[in-house]
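Listed below, chain by chain, are the residues.
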Amino acid sequence: MSPPRKPKPKQISRPAAPQRKEVPALPKRLLGITGTPSVARPSWKLSLLDLEHAGSWSWGVTDVTLQGIIEFLTQMERLTWTEIQAQMTNNKKGGHRKHHAIPLDRLCPEAQRRLQDLRLDDLDDLFRFRLGNKPRLWGVIHEGVFYPVWWDPEHKVYPTDPG
């Protein structure tokens, strides 16, 4: 007599491996944003404040203005650097990044001279926050930390109007 046959184990059908999701392309508004940790939230250090400058821009601000700057920075702390740099203005000419870096050689001559005095002229650019139509907060980003240098209430550091 032959030994009894063992029944064949049933084949268990395994579901197909899930398809790998494609990483979406970077939205156009985020293209070109580099140089800062994208997921890091900003922090602030005040060691580069140029409190001695008394030219076209300075830190001679009212309590109300200072409170506005602090409130603005507090709002920015809730965002990542990528989110900050992705913010756009809406105007007749189309969108423009609100907060971004400007190469030093595009700043006004007075600002370039002042950066030499401060020994900050070896930087490639300065970062500026737009706080309204004209007001700008200029500084340096290093390892995700923003070091404010100038308060520019009249848009004089990097004038964009002709004449």
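Residues numbered from 1 in each chain as written. Predicted model: local features only at pLDDT ≥ 70, side-chain atom pairs only at ≥ 80, totals over all residues. Heavy atoms only, no water.

> Please clarify how the overall build of the protein chain should be interpreted in this entry.
In terms of helices and strands, the protein chain carries three helices and seven strands. Scanning the protein chain from its N terminus toward the C terminus, one meets helices and strands in the order β-α-α-β-β-β-α-β-β-β. By the burial criterion, 31% of the 163 residues in the protein chain qualify as buried. Here the contacts in the protein chain between residues at least 6 apart in sequence split such that 60% fall between residues at least 24 apart. (Helix = DSSP H or I, 4+ residues; strand = E, 2+ residues; numbered from the N terminus. Buried < 20%, exposed > 50% of the residue type's maximum accessible area, 1.4 Å probe, protein only. Contact = heavy atoms within 4.5 Å.)

> Help me understand helix H3 (residues 109–117) in this model?
Residue pairs spaced three or four apart in an α-helix point in one direction, given the helix's 3.6 residues per turn. Buried within H3 are the following residues: Ala111, Arg114 and Leu115. All buried residues of H3 lie within an arc of 100° about the axis, which places them on one face of the element. Turned more than 90 degrees off the buried face of H3, the exposed positions are Pro109 and Asp117. Those residues of H3 hidden inside the fold are in contact with strand S5 (125–130) and strand S7 (145–152). Just past H3, the residue Arg119 takes up positive phi, approximately 60°. (Arc of directions from axis to C-beta.)

> Looking at this structure, I do not really get the sheet that holds strand S1 (residues 43–44). What am I missing?
The strands that make up a sheet pair up through hydrogen bonds in the backbone, lying either parallel or antiparallel. The strand order across the open sheet formed by five strands is S1-S7-S6-S5-S4, and the pairing between neighbours is mixed. The sheet terminates laterally at S1 and strand S4 (100–103), the two strands that pair on one side only. In the packing of helix H1 (residues 63–76) onto the sheet, the strands contacted are S1, S5, strand S6 (136–142) and S7, and the crossing angle to S5 comes to about 100°. (Pairing = 2+ DSSP bridges. Axes fitted to C-alpha atoms, helices over the stretch in contact; angles between N-to-C directions.)

> What is the right way to read the packing of aromatic side chains from this model?
What describes a pair of aromatic rings is the distance from one ring centre to the other and the angle between the planes of the rings. Under the counting rule described, the total for this entry stands at nine aromatic pairs. Judged by centre distance (5.7 Å) and plane angle (85°), the ring pair of Trp81 and Phe127 falls under edge-to-face. Of this pair, Trp81 sits in helix H2 (residues 81–86) while Phe127 sits in strand S5, and the two are 46 residues apart along the sequence. Accessibility assignment for this pair places Trp81 and Phe127 in one class, buried. For the ring pair Phe129 and Phe146, a centre distance of 4.9 Å and an interplane angle of 80° mean the geometry is edge-to-face. One end of the pair, Phe129, is in strand S5; the other, Phe146, is in strand S7, and 17 residues separate them in sequence. (Phe/Tyr/Trp six-rings, centres within 6.5 Å; stacked < 30°, edge-to-face > 60°.)

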